[in-house]
Amino acid sequence: MERPERPRANGCGGAHGALRNGFVRGPPGTQINHIVHNGGLYKRPFNEAFEETPMLVAVLTYVGYGVLTLFGYLRDFMRQWKIEKCQNATEREEQKDFVPLYQDFENFYNRNLYMRIRDSWNRPICSVPGAKVDMMERVSHDYNWTFTYTGRVIKDIINMGSYNYLGFAQKTGPCQEAAAKVLSQYGAGVCSTRQEMGNLDKHEELEKLVARFLGVESAMAYGMGFATNSMNIPALVGKGCLILSDELNHASLVLGARLSGATIRIFKHNNMQSLEKLLKDAIVHGQPRTRRPWKKILILVEGIYSMEGSIVRLPEVIALKKKYKSYLYLDEAHSIGALGPSGRGVVEYFGLSPEDVDVMMGTFTKSFGAAGGYIGGKKELIDYLRTYSHSAAYATSMSPPVVEQIITSVKCIMGEDGTTVGRARVQQLAENTRYFRRRLKEMGFIIYGNEDSPVVPLMLYMPAKIGAFGREMLKRNIGVVVVGFPATPIIESRARFCLSAAHTKEMLDTALKEINEVGDLLQLKYSRRRLVPLLDRPFDETTYEETED
Amino acid sequence: MFNKLSRVCYIYSDEAACFAIQKGLQASRSNIKLFKHNDMADLERLLKEQETEDQKNPRKARVTRRFIVVEGLYMNTGDICPLPELIDDIDLISANMENSLASIGGFCCGRSFIIDHQRLSGQGYCFSASLPPLLAAAAIEALNIMEDNPDIFQTLRTKCERIHKALQGISGLKVVGESFSPALHLQLEESCGSRENDVKLLKRVVDYCMNSGIALTQARYLEKEEKCLPPPSIRVVITVEQTEQELDKAASLLKEAAQSLLN
């Protein structure tokens, strides 16, 4: 690899030179700049960083898991020999000679590791999950095997864990009033599917509005975001098609891809060289045994990856898609409403046209304070889905008050309700995001992801710190979500903050102060403040795995 | 729900199980064996075949789990499964809140041994947003109403039997479903030859009824995706709120429609 004399930008797809993905390097000795220009594909800087795990921390994390595993074996041994009482549920006597229902290892993790810090999850809240939330206090007298409510309600916890990006989780206001009116008019349940007797005028109104909001020809709405992916991908692709899916795609995308029967190949997370290599191979070699060309190639990506906080490199994906003539399925579950100057999502964020994305999917759960999902695209596509989608034929349609909540919130974001509240919220979210991330980085924590992503993962690494962080923050009246194995790789456990437009600067400052304290207490400030270049991973042959169902 | 299963599992399922069950089974990646609808002899034959195979390979048998999946009231055929013959105790019941409870979503119930495992490994539970509190409250209230007024079940049953009797003897249409089932199918006695034509004919019956004040719908399926596609039919659903006059009116209207359009 030659060393450049001066900074150069690079185009996507032809990254054979010294610069991968076109990031600009200064002369040796200067600070490495992450700004990516990529020959004009990006109209704004793309700042994403994933600082490497410090070696000592990695070693200590493995040691921690090792100790926990040893103790786990010891406790299992004691339970088997009845020295210790066995608290977890067991099979019925008559079924003891049946084949065991669960494999021992799955249960081992559950019994011996998860159970110790189980109080950080499934916490019952008893108010609307806005910027502040109330939680029911619970205690455990037997080390988390069972919980009892004390009867006390912990009030006004600063909520850094709910997906409430634009602050529409409110119990008063225009959205709630409209939803209450529709509830009294239409009731709560629909009791039929879209194709039978469940197609309300409200659904059609919603779909037209969503299509207008996204800038696409037509849209269709479904009752459940998870089902939108898992039930519609099988309707779009089948056997003989190829799906190229990002490494870190959500479980619903993975399930949809599996149920479709197509061949699935996985490319490294947000890595465009990996994707291009797969595309080239697919075009050149065709289907595995017959060498016939693939019927369809579908690229599955997400707008914001919620575990990493990274944003998809959409301009490059679209350039690749056009070059190799494949289709793009973009899951904007977290990015719709949260990115872009007017909240239209990742397409607007990069200044691209929605016509370039073939299937725009998203959910209403995060930025709109409701539940459900949608798919937007060309009219032919949506008409096809109305007939052939599994959800349209078999799933009950969306509940009317939920539909009204979405309609009111979309109108608010678009400014059609006559106020500038929507626009102000989108801007507030962007400001909160930048401020929060900057302050956390200054404090010395390792924060993953893109500078503009409202999902902020703060690395914890060690298993004990997962439980400790959750509990310490709750003591200080801040609710956070901590994530460990199996949702993340085993040594990369993290705390995940979700920012909201409803958070005021005072709330953020309070939260930051407490995080600072807890960070010092638990020694979480791992960052060595060395800015590591983006995606400097060497390109290797083991880029893809093929799975056929 | 089927995420706890892996490749060394056998699931015995009724062939008339609804689409949702079929997809769940497909997602579980286990070996699926279908037995004829409500035919316990066929199920027994399959289980005996499995037993002989187990004896040939006892090591594999020790790690192969077996499950039986049936529906309480089959959506596609309107009849019930012969539960007493099948088993003496049920391990997991999964139910839908969208029909009787007029809410959205569903639930699973059973022993904590089985259900607690779902909390960490049920994909629909872990990776999906939870139910809006509004709909949970609606379901709670519906359950309370059901507990406080147990006589509505008898009222519903009487109405079902009434409509079932009233719909017998319509020339050209046969009633498919148990007499106490609130959801029944009306299928054509004689097919016109192709499914498309049957569907068109049934549509005309439905439109006739719609124009005269009774809302009906055809049962919709994804024809290419179903394992055992049921014949085209009109779905007739009873609710406890319909009065006897309304039920009689519906039956007579259907008779009229059938007479004028099907003969």
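Residues numbered from 1 in each chain as written. Chains lettered and ligands numbered in written order. Predicted model: local features only at pLDDT ≥ 70, side-chain atom pairs only at ≥ 80, totals over all residues. Heavy atoms only, no water.

Before we move on, can you summarise the overall build of chain A with the specific residues and values?
Per the secondary structure count, chain A includes 15 helices and 18 strands. Taken over 549 residues, chain A has a buried fraction of 57%. Look at the contacts in chain A between residues 6 or more apart in sequence, and 71% of them connect residues 24 or more apart. Summing over all exposed atoms, chain A offers an accessible surface of approximately 24100 Å²; the carbon and sulfur share of this is 56%. (Helix = DSSP H or I, 4+ residues; strand = E, 2+ residues; numbered from the N terminus. Buried < 20%, exposed > 50% of the residue type's maximum accessible area, 1.4 Å probe, protein only. Contact = heavy atoms within 4.5 Å. Areas by Shrake-Rupley, 256 points an atom, 1.4 Å probe, with all protein chains shown as cover.)

So, the domain arrangement of chain B: which residues are in play, and what are the values?
Residue and element names in this part refer to chain B. In terms of domains, chain B is made up of domain 1 (9–146) and domain 2 (150–262). Computed over C-alpha atoms only, the centres of domain 1 and domain 2 are separated by 27 Å. Contacts between domain 1 and domain 2 engage 13 residues on the former and 19 residues on the latter. With both sides pooled, the region where domain 1 packs onto domain 2 buries about 1300 Å², and carbon together with sulfur makes up 59% of that total. (Domains from an automatic or database assignment. Buried area = accessible area lost by both parts, 1.4 Å probe.)

Please give an account of the sheet that holds strand β16 (residues 481–483) of chain A that cites residues and values.
All names here are of chain A. Pairing within the open sheet is antiparallel, and its 3 strands lie in the order β14-β17-β16. Strands at the two margins of the open sheet, each flanked by one partner only, are β14 (455–459) and β16. Direction aside, the axes of adjacent strands within the sheet are offset by 30° on average. For β14 and strand β17 (residues 494–498), the ladder comprises 5 bridges, and the chain directions are antiparallel. In the sheet register, Pro-457 faces β17, and the bridge partner there is Arg-496. (Pairing = 2+ DSSP bridges. Axes fitted to C-alpha atoms, helices over the stretch in contact; angles between N-to-C directions.)

With reference to specific residues and values, describe the pattern of salt bridges.
Residues and elements named next belong to chain A. Considering all chains together, one arrives at 41 salt bridges over all chains under this definition. Put simply, Arg-476 and Glu-472 hold a salt bridge, and the shortest N to O gap is 2.7 Å. Residue class for Glu-472 comes out buried when judged on its relative accessible area of 15%. (Salt bridge = Lys/Arg side-chain N within 4 Å of Asp/Glu carboxyl O.)

I'd love a proper account of the domain arrangement of chain A, names of residues and values included.
Residues and elements named next belong to chain A. Per the domain assignment, the segments of chain A are domain 1 (50–159 + 420–527) and domain 2 (174–414). Taking only C-alpha atoms into account, the centre of domain 1 sits 29 Å from that of domain 2. Counting from both sides, the interface comprises 20 residues of domain 1 and, opposite them, 18 residues of domain 2. Buried area between domain 1 and domain 2, summed over both chains or domains, comes out near 1500 Å², and the portion from carbon and sulfur atoms is 61%. Interface area lost by domain 1 to domain 2 is led by Arg-423, Val-426 and Arg-496, which between them contribute 28%. Our count for the domain 1 to domain 2 interface comes out at 1 salt bridge. Measuring nitrogen to oxygen at the nearest pair gives 3.1 Å for the salt bridge that ties Arg-494 to Glu-308. Where domain 1 packs against domain 2, one counts 7 residue pairs in polar contact (both at pLDDT 80 or more). (Polar contact = N/O pair within 3.5 Å; in protein donor to acceptor, adjacent residues only side chain to side chain.)

Any details on the confidence of the model for chain B? Residues and values, ideally.
Residues and elements named next belong to chain B. On average, residues of chain B score 86 in pLDDT, and 97% of them are at 70 or above. Of all helices and strands in chain B, the one with the weakest mean pLDDT is helix α5 (residues 112–121) (77), whereas helix α7 (residues 133–148) scores best (92). Interface scoring of the predicted complex returns ipTM 0.88; its pTM is 0.86. (pLDDT = per-residue confidence, 0-100.)

Tell me about the environment of Ala-183 of chain B, and please be specific about residues and values.
Residue and element names in this part refer to chain B. For Ala-183, the location among the structural elements is in strand β7 (residues 183–188). Its relative accessible area of 28% is what places Ala-183 among the partly exposed residues. Along the sequence, Ala-183 and Arg-235 sit 52 residues apart, while their C-alpha atoms lie 6.9 Å from each other. Ignoring any residue separated from it by four or fewer positions in sequence, one finds Ala-183 in contact with Gly-78 and Val-236.

Pulling in residues and values, what's your account of the packing of aromatic side chains?
The full count for this structure, using the stated rule, is 18 aromatic pairs over all chains. Centroid distance Phe-364 of chain A to Phe-368 of chain A: 5.7 Å. Interplanar angle 70°. Geometry classified as edge-to-face. Judged by its relative accessible area of 1%, Phe-364 of chain A is buried. The buried category is assigned to Phe-368 of chain A, whose relative accessible area is 1%. An aromatic cluster of at least three residues, connected via ring pairs, comprises Tyr-42, Phe-46, Tyr-349 and Phe-350 of chain A. Above the face of the Phe-180 of chain B ring, Arg-157 of chain B is positioned so that its terminal group lies 4.8 Å from the ring centre. (Phe/Tyr/Trp six-rings, centres within 6.5 Å; stacked < 30°, edge-to-face > 60°. Lys NZ or Arg CZ within 6 Å of the ring centre and 35° of its normal.)

Any chance you could break down the nonpolar core for me, citing the residues and the numbers?
Note that soluble globular proteins tend to have their nonpolar side chains buried in a common cluster. By size, the foremost hydrophobic cluster in this structure holds 112 residues, and its most contacted members are Met-160, Phe-364, Phe-436, Leu-440, Phe-469 and Phe-497 of chain A. Of the residues forming this core, the biggest block, 8 residues, is contributed by helix α12 (residues 400–414) of chain A. For this core, the two domains that each supply at least three residues are domain 1 (50–159 + 420–527) and domain 2 (174–414) of chain A. Residues Leu-173, Leu-188, Ala-257 and Ala-258 of chain B belong to the second largest nonpolar core, which totals 27 residues. (Core = buried A, V, L, I, M, F, W, Y, C linked by side-chain atoms within 4.5 Å.)

Explain helix α9 (residues 195–211) of chain B residue by residue, including any values.
Each full turn of the α-helix corresponds to 3.6 residues, which orients residues three or four apart in the same direction. Residue and element names in this part refer to chain B. With 17 residues, α9 should reach 24 Å at 1.5 Å per residue; the first-to-last C-alpha distance of 24 Å fits that figure. Where α9 is concerned, the buried positions are Asp-198, Leu-201, Leu-202, Val-205, Val-206 and Cys-209. Seen end-on, α9 carries its buried residues on one side only, within an arc spanning 140°. More than 90 degrees from the buried face of α9, the exposed residues found are Glu-196 and Asn-211. Lining the buried residues of α9 we find β6 (173–176), β7, β8 (217–218), β9 (233–237) and α10 (244–262). In the segment just after α9, Gly-213 is the residue with positive phi, at about 105°. (Expected span 1.5 Å × (residues − 1). Arc of directions from axis to C-beta.)

How would you sum up a nonpolar patch on the surface? Please name residues and give values.
On the surface, Met-55, Val-59, Val-63, Val-67, Leu-70, Phe-71 and Leu-74 of chain A cluster together into a nonpolar patch covering about 680 Å² of accessible area. As for its placement among the helices and strands, Val-67 of chain A is situated in helix α1 (residues 55–80). (Patch = residues over 30% accessible without salt bridge, like charges linked within 9 Å, V, L, I, M, F, W, Y side chains within 5 Å.)

For the packing of helix α4 (residues 201–214) of chain A against α12 of chain A, give the residues involved together with the corresponding values.
Residues and elements named next belong to chain A. One can describe the packing of α4 onto α12 by two numbers: an axis separation of 10 Å at closest approach and a directional angle of 25°. Classed by the angle they form, the pair α4 and α12 counts as roughly parallel. The chirality of how α4 crosses α12 is left-handed. On the side of α4, the interface is formed by Lys-202, His-203, Glu-205, Leu-206, Leu-209, Arg-212 and Phe-213, while α12 contributes Val-403, Glu-404, Ile-406, Ile-407, Val-410, Lys-411, Ile-413 and Met-414. Residue composition of the contact of α4 with α12, grouped by class: 9 nonpolar, 1 polar and 5 charged. (Parallel < 35°, antiparallel > 145°, perpendicular 65-115°, else oblique. Left-handed = near helix turned anticlockwise from the far one by under 90°. Nonpolar A, V, L, I, M, F, W, Y, C, P; charged D, E, K, R; others polar.)

Got a sec to walk through unusual backbone geometry? Specific residues and values, please.
In this structure, Lys-325 of chain A takes a positive phi of about 55° despite not being glycine. Note on placement: Lys-325 of chain A falls in the loop between α8 (314–324) and β10 (327–331). Residues other than glycine seldom take positive phi values, yet Ala-102 of chain B does so here, at roughly 50°. With respect to the element layout, Ala-102 of chain B can be found in the loop between β4 (92–96) and β5 (106–110).

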